[in-house]
Amino acid sequence: MTEVISGTSGTGATAALRFSDPERYARMLRHAHEDVIGGGNRAEIAVGIQESWRRSLALGISPDQHSPHHVREPAEVRALRREHPLSPAIPALTELLGDDSDGGRQLLIITDAAGEVLWRVGGRNALAQADSLEFTEGADWSESGIGTNAISEVLRTGSAGQLFSAEHLVRTHHDWACTAAPIRHPLTGELLGVLDVSGPLTTLTPDSLRMVRCAVRAAEEILGSRAAGARRTSAIAGPAAAGAGPTAAGRGEHGTQGGGSGVGHGPAGAIAGIELLGETPAVVHSDGRRAPLTLRRAEILVLLCSRQQGFSADELAYELYGETGTAANVRIEMHRLRAVLGSVITSNPYQLAGPVRAVVDANQVLAALRSGKAGEALARYRAPLLSRSTAEAVELLREELNAAVRTALLTDSSSTALSQWLASDMGAADTDAVAALERLVGADPQVAAFAARARRLDAALL
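None of these values were measured; they are calculated from a predicted model.

Enquirer: What is the right way to read the sheet that holds strand 1 (residues 107-112) from this model?
Expert: Strand pairing in a sheet relies on backbone hydrogen bonds. The paired strands run either parallel or antiparallel. Here five strands make up an open sheet; going across it, the order is 2-1-5-4-3 and the pairing antiparallel. Since the sheet does not close on itself, it has two edges, and those belong to strand 2 (117-121) and strand 3 (161-164), each with one partner. Between one strand axis and the next, the sheet turns through 20° on average, direction left out of account. Bridge count for strand 3 against strand 4 (residues 176-184) is four bridges, and the pairing is antiparallel. Each bridged residue has a counterpart across the sheet, and for Phe164 the counterpart in strand 4 is Ala177.

The following block contains the structure:
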C-alpha cells in the first residue's frame, strides 16, 4: 500500500520530511520507486530523476544490480591520483569533510570528471559498507556505470545536488543519502571531478549541501592559488635566470628584505593582535590592517584560548552548536579561520599556538590579573568578551572574565581603579564597588552619581 502524505505530495513540505522524519520519507520514496519502475509516474520522484532511471534501464542496469563497472584496479588508481590536478586540494577536503574515526558514519568520495572514484575517506564501518556496494577506488559511478546516483546527477546537470534513499535507481543504495557537487578549475571552468559525501539516511542535515559547496569553494581556491603561483613562477623564471633581479625567496615572503616581526603569519602578514573583546572581533596585522572575524570564528578562538590542551572537532561542535553540531561544521569554519590567521592553529586536537595566544586581548587581561596588576587589567578590559555571542560556553567565559576583573579591583581597593570600573559598562551596576569607593573617599558627588546609576540599572533588570 502506497503511503501518502496528505496535501503535500511532490511539494517542498514533503521533501522537508527527509530531515524531520527520514524513515517515513524513505518509505514514501520506495513506494514511488516501485511504481515508476513498473511504468507509472509519481510526483515524488523528480522528472529529471525519472528520465535518468529510464536511460539507465536502457543501458541494461538493473535496479537489483549493485555492481558498478570498474575502470581500473585500486592499485592503478593510487598511481594515477598522484598526478591528478585535484591532488593538491585533497588534504584540505579531507580535513573539512573527512571523518576516518571509528565512529565515523559518512564517506567522503572524490571522483574524476568521468565519475571514476579516485579517493575515499571514512571510518572502518563506513568503508566496509561502501565495499559491500563496490563503492571503491576505480569504480565508475557515472550513470552508465551504476545508474542514477548523486555523482551521476552532478555529471549530468553540472550543479550540486542530493539524492536520498529510493531516488537512487539501484535498490541496495536505498539506505544511503548522498550530497555531491562539481569541482571546477577556477581559471578555465573545466570540470575536474565531483566531491560526494554519502552516509546513512539520518546523517543528512539541512546544512549538508551548504558544507559540501563550501568545501568545493575551498578546494577551488587552493587550485586557483597554485595556478596563479605557477604563472608567477613562470613569468619571473626567465628574468631571474638571466640575472635580472632577486627571486621571491630572496626578497622574503611579502617581497621585502628580511623576515619582519610578529608571532604568526596570516595572509596580510604578521599577527599583531586578536581582538575578542566587544562587538567587532578582528585580527590585527603588523602592517595595521584589520581583518574582521565572523561571530562564529571569533567564538572558536575564544574557546581555543580557554583550554591549553585544545579541543577535538566533536567537542567544538557540541560547544558551538549543541546536539545538532557536527565535526564537519567545525572543519569548514576552521578552514576559513586559517585563511585569516595562517597556520597558527594545529589539528588533532585544535590548539592555538602559544605566541598567538599572547596577543589575544582577553588573554592579556588575564595575564595582567595573574601578575597582580589590577589597574593594567582594567585598562585592557575595554568591553565584555565577545558581547554579541549567545553560545553558552562563551557566555560562561564572559562571566568568568568579568568576575575575575571585578574581584581583583575590589581586592585592590584603589579609588582610581574603582572609579574607572564603575564608569565602564561592565561595572556600572556594581553596588559593592560603589560601597567600596564610598568607604575610601567618603561622601562625594562622583560616588553619588555612580550610586544613582547602579540603582537605575538594578531597577531596569527587575
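Enquirer: It is not clear to me how the pattern of salt bridges should be interpreted in this structure. Could you clarify?
Expert: Opposite charge on two side chains makes pairing possible when the charged atoms of those side chains draw close. The final tally for this structure, using the stated rule, is 20 salt bridges. Two residues, Glu34 and Arg171, come together in a salt bridge whose shortest N-O distance is 3.0 Å. Of this pair, Glu34 sits in helix 3 (residues 22-37) while Arg171 sits in the loop between strand 3 and strand 4; the two residues are 137 residues apart in sequence, bridging distant segments of the chain. Assessed through its relative accessible area of 29%, Arg171 is described here as partly exposed. A salt bridge links Glu44 to Arg42; its shortest N-O distance comes to 2.8 Å.

Enquirer: In this structure, what is going on with helix 9 (residues 150-157)? I would like to understand it.
Expert: Side chains three or four residues apart in an α-helix point the same way, a direct result of the helix having 3.6 residues per turn. Buried within helix 9 we find Ala150, Ile151, Ser152, Glu153 and Val154. Of the residues flanking the start of helix 9, the one acting as N-cap is Asn149, its side-chain oxygen 2.9 Å from the backbone nitrogen of Ile151. Just downstream of helix 9 lies Gly158, where phi reads positive at about 80°.

Enquirer: How do you make sense of the pairing of strand 1 when you look at a structure like this?
Expert: Strand residues, when the strand is regular, have side chains that alternate between the two faces of the sheet. The buried count for strand 1 comes to six of six residues, which makes it a mostly enclosed element. Judged by which residues are buried, strand 1 turns out to be covered on both faces: Leu107, Ile109 and Thr111 on one side and Leu108, Ile110 and Asp112 on the other are all buried. As defined by bridge partners, strand 1 adjoins strand 5 (residues 191-200) across six bridges and the pair is classed as antiparallel. Residue pairing in the sheet places Ile110 in a bridge with Leu195 of strand 5.

Enquirer: Is there a simple way to explain the nonpolar core in this structure?
Expert: For soluble globular proteins, nonpolar side chains are generally found buried alongside one another. Judged by nonpolar contacts, the single largest core of 60 residues is most densely connected at Ile274, Leu276, Leu301, Leu341, Ile345, Leu352 and Leu385. Other than its neighbours up to four places away in sequence, Ile345 contacts Leu301, Leu304, Met334, Leu337, Arg338, Tyr350, Gln351 and Leu352. With 36 residues, the next largest nonpolar core counts Ala32, Phe135, Val170 and Leu204 among its residues.

Enquirer: Just checking my understanding: could you explain unusual backbone geometry for this structure?
Expert: With glycine set apart, most residues show a phi of negative sign, and most peptide bonds adopt trans. At Ser165, a position not held by glycine, the phi torsion is positive, near 50°. Secondary-structure assignment places Ser165 in the loop between strand 3 and strand 4. The exposure class assigned to Ser165 is buried, which follows from its relative accessible area of 0%.

Enquirer: I would appreciate a short explanation of the confidence of the model for the chain in the present structure.
Expert: Parts of the model with low pLDDT should not have their predicted coordinates read in detail. Of the residues in the chain, 86% reach a pLDDT of 70 or more, and the chain-wide mean stands at 83. Of the regions scoring below 50 in pLDDT, residues 1-11 engages in 16 contacts with residues more than four places distant in sequence or in other chains. Here residues 239-261 is a poorly scored stretch, pLDDT under 50, and it has 15 contacts once near neighbours within four places are set aside; other chains count.

Enquirer: I'm lost on the pairing of strand 8 (residues 282-285) in this one. Help?
Expert: Taking every second residue as pointing to the same face, both faces of strand 8 are buried, with Ala282 and Val284 on one and Val283 and His285 on the other. Of the pairings in the sheet, the one linking strand 8 to strand 9 (residues 290-292) comprises three bridges and is antiparallel in character. Paired with Val284 across the strands is Arg290, a residue of strand 9.

Enquirer: It is not clear to me how the packing of aromatic side chains should be interpreted in this structure. Could you clarify?
Expert: Enumeration according to the criterion identifies three aromatic pairs in this entry. Aromatic pair Phe135 and Trp141: ring centres 4.1 Å apart, planes at 20°, arrangement stacked. Per residue, the accessibility class of Phe135 equals that of Trp141, and both read buried. Between Phe135 and Trp176, the aromatic rings sit 6.4 Å apart at their centres with planes inclined by 75°, giving edge-to-face as the arrangement. Highlighted residues: Phe135 in the loop between helix 7 (124-132) and helix 8 (143-146) and Trp176 in strand 4, separated in sequence by 41 residues. On the accessibility criterion, Trp176 (10% relative accessible area) is buried. Taken together, the ring pairs in this structure connect Phe135, Trp141 and Trp176 into an aromatic cluster. Above the ring of Tyr321, the side-chain terminus of Arg296 is found at 4.4 Å from the ring centroid. Across the ring face of Phe311, the terminal group of Arg307 is positioned such that the distance to the ring centre comes to 3.9 Å.

Enquirer: What is the right way to read the environment of Arg27 from this model?
Expert: In this structure, Arg27 sits in helix 3. Classification of Arg27 by relative accessible area gives partly exposed; the value is 41%. For the pair Arg27 and His174, spaced 147 residues apart in sequence, the C-alpha to C-alpha distance is 9.8 Å.

Enquirer: I tried to follow the environment of Ala452 on my own but got confused; where do I start?
Expert: Note that Ala452 resides in helix 21 (residues 445-461). Exposure remark for Ala452: the relative accessible area of 35% places this residue in the partly exposed category. Each C-alpha atom, one on Ala452 and one on Ala429, is 9.5 Å from the other, the two residues being 23 residues apart in sequence.

Enquirer: Explain the side chain of His173 here, please?
Expert: Of note, His173 is situated in the loop between strand 3 and strand 4. For His173, a relative accessible area of 4% puts it in the buried group. Setting aside residues no more than four positions away along its own chain, His173 makes contact with Leu133, Trp141, Ile146, Ser165 and His168.

Each value, and the rule that gives it
- Residues numbered from 1 in each chain as written.
- Predicted model: local features only at pLDDT ≥ 70, side-chain atom pairs only at ≥ 80, totals over all residues.
- Heavy atoms only, no water.
- Pairing = 2+ DSSP bridges.
- Helix = DSSP H or I, 4+ residues; strand = E, 2+ residues; numbered from the N terminus.
- Axes fitted to C-alpha atoms, helices over the stretch in contact; angles between N-to-C directions.
- Salt bridge = Lys/Arg side-chain N within 4 Å of Asp/Glu carboxyl O.
- Buried < 20%, exposed > 50% of the residue type's maximum accessible area, 1.4 Å probe, protein only.
- Polar contact = N/O pair within 3.5 Å; in protein donor to acceptor, adjacent residues only side chain to side chain.
- Core = buried A, V, L, I, M, F, W, Y, C linked by side-chain atoms within 4.5 Å.
- Contact = heavy atoms within 4.5 Å.
- pLDDT = per-residue confidence, 0-100.
- Phe/Tyr/Trp six-rings, centres within 6.5 Å; stacked < 30°, edge-to-face > 60°.
- Lys NZ or Arg CZ within 6 Å of the ring centre and 35° of its normal.

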